[in-house]
Amino acid sequence: SCRLHRLDGAGLVDLVRSLKPAFLFLDFDQTLCSSKSGFPPMPGKHRLQEDVVDFLRCAQGAGDEEREHAGDDEGWMNSLQVCIVSRNPHKQEIEEMLRQRGVEEKVEVCCVKVEGTTKARKIVEKMSEKGGIAVYADDDVRELVDSSLIPCTSLHRVIFSFRELNN
């Protein structure tokens with residue numbers, strides 16, 4: 001299979017729960033957050049994708065109720081590495097928005113433009129540090145079909161459209 005999926009937030013969470021990956025890579029603008037074009041996210045104006053935020057809180061063990069719901073999944077979720085790979089340069093604002101929603105503990109924010117790299121290079125670098133299945137969600141199909149990602153046979157890529165989720 002091509003390991004290329006088109007999913008909304010709930011579908012992404014279902015895919016992650018079924019695959020039990022070692023990594024979850026998320027674009028920020030128009031994927032995890034309604035912000036766009038690299039502008040800083042602003043609470044009240046922009047919002048985070050609720051299904052994914054709920055999953056991230058559960059993965060970091062944010063509450064007893066979520067841990068109970070996790071059941072047998074708790075072990076793999078505790079070792080899940082979550083990384084935002086974004087060209088948005090506003091790392092502090094992104095981290096603050098995540099902190100306000102209670103999901104900062106397990107999420108690494110990589111602003112690839114500031115770091116002088118690309119999303120694909122960051123993903124390949126992270127995957128080479130530790131094997132296993134990975135999931136990468138982005139609203140831009142061009143990012144998902146970057147030629148350096150094609151050889152990553154354990155990477156599932158998700159075409160994600162934040163706008164469709166709002167209708």
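See the structure shown above.
Residues numbered from 1 in each chain as written. Predicted model: local features only at pLDDT ≥ 70, side-chain atom pairs only at ≥ 80, totals over all residues. Heavy atoms only, no water.

A.B. asks: Can you help me understand the sheet that holds strand S4 (residues 107–111) in this one?
C.D. replies: Hydrogen bonds between backbone groups are what pair the strands of a sheet, and the pairing can be parallel or antiparallel. Sheet architecture is open: 6 strands sit in the order S1-S6-S5-S2-S3-S4, paired in parallel fashion. Since the sheet does not close on itself, it has two edges, and those belong to strand S1 (4–6) and S4, each with one partner. On average, each strand axis in the sheet is inclined to that of its neighbour by 20°, with strand direction left out of account. The pairing of strand S2 (residues 23–26) with strand S5 (residues 134–138) spans 4 bridges and is classified as parallel. Opposite Phe23, over in S5, you have Ala134 as the bridge partner. (Pairing = 2+ DSSP bridges. Helix = DSSP H or I, 4+ residues; strand = E, 2+ residues; numbered from the N terminus. Axes fitted to C-alpha atoms, helices over the stretch in contact; angles between N-to-C directions.)

A.B. asks: Explain helix H1 (residues 9–19) here, please?
C.D. replies: What sets the pattern is the α-helix's 3.6 residues per turn: residues three or four places apart point alike. Buried within H1 are the following residues: Gly9, Gly11, Leu12, Val13, Leu15, Val16 and Arg17. For H1, the N-terminal cap is Asp8; the gap from its side-chain oxygen to the backbone nitrogen of Ala10 is 3.3 Å. Where H1 terminates, the next one or two residues include Lys20, which has phi positive at roughly 50°. (Buried < 20%, exposed > 50% of the residue type's maximum accessible area, 1.4 Å probe, protein only. Polar contact = N/O pair within 3.5 Å; in protein donor to acceptor, adjacent residues only side chain to side chain.)

A.B. asks: Before we go on, may I ask you to explain helix H7 (residues 119–129) in this structure?
C.D. replies: Among all positions in H7, only Lys119, Ala120, Lys122, Ile123, Lys126 and Met127 are buried. Projected down its long axis, H7 shows its buried positions confined to an angular sector of 160°, all on one face. Within H7, the exposed residues directed more than 90 degrees away from the buried face are Arg121, Ser128 and Glu129. (Arc of directions from axis to C-beta.)

A.B. asks: Mind showing me how you'd approach the side chain of Gln49 here?
C.D. replies: When you line up the elements, Gln49 lands in the loop between S2 and helix H2 (50–59). Given a relative accessible area of 7%, Gln49 falls into the buried group. There is a polar contact of 3.1 Å between the side chain of Gln49 and the backbone nitrogen of Asp51.

A.B. asks: How do you make sense of the pattern of salt bridges when you look at a structure like this?
C.D. replies: If the charged atoms of two oppositely charged side chains come close together, the side chains can form a pair. Applying the stated criterion to the full structure yields 11 salt bridges. A salt bridge links Glu143 to Arg87; the nearest nitrogen and oxygen atoms lie 2.7 Å apart. Pair noted here: Glu143 is in helix H8 (residues 141–144) and Arg87 is in the loop between strand S3 (81–86) and helix H5 (91–100), with a separation of 56 residues, a long-range link. Note on Arg87: relative accessible area 44%, which makes it partly exposed. Connected through shared salt-bridge partners, Asp27, Arg87, Lys119, Asp138 and Glu143 make up one network. (Salt bridge = Lys/Arg side-chain N within 4 Å of Asp/Glu carboxyl O.)

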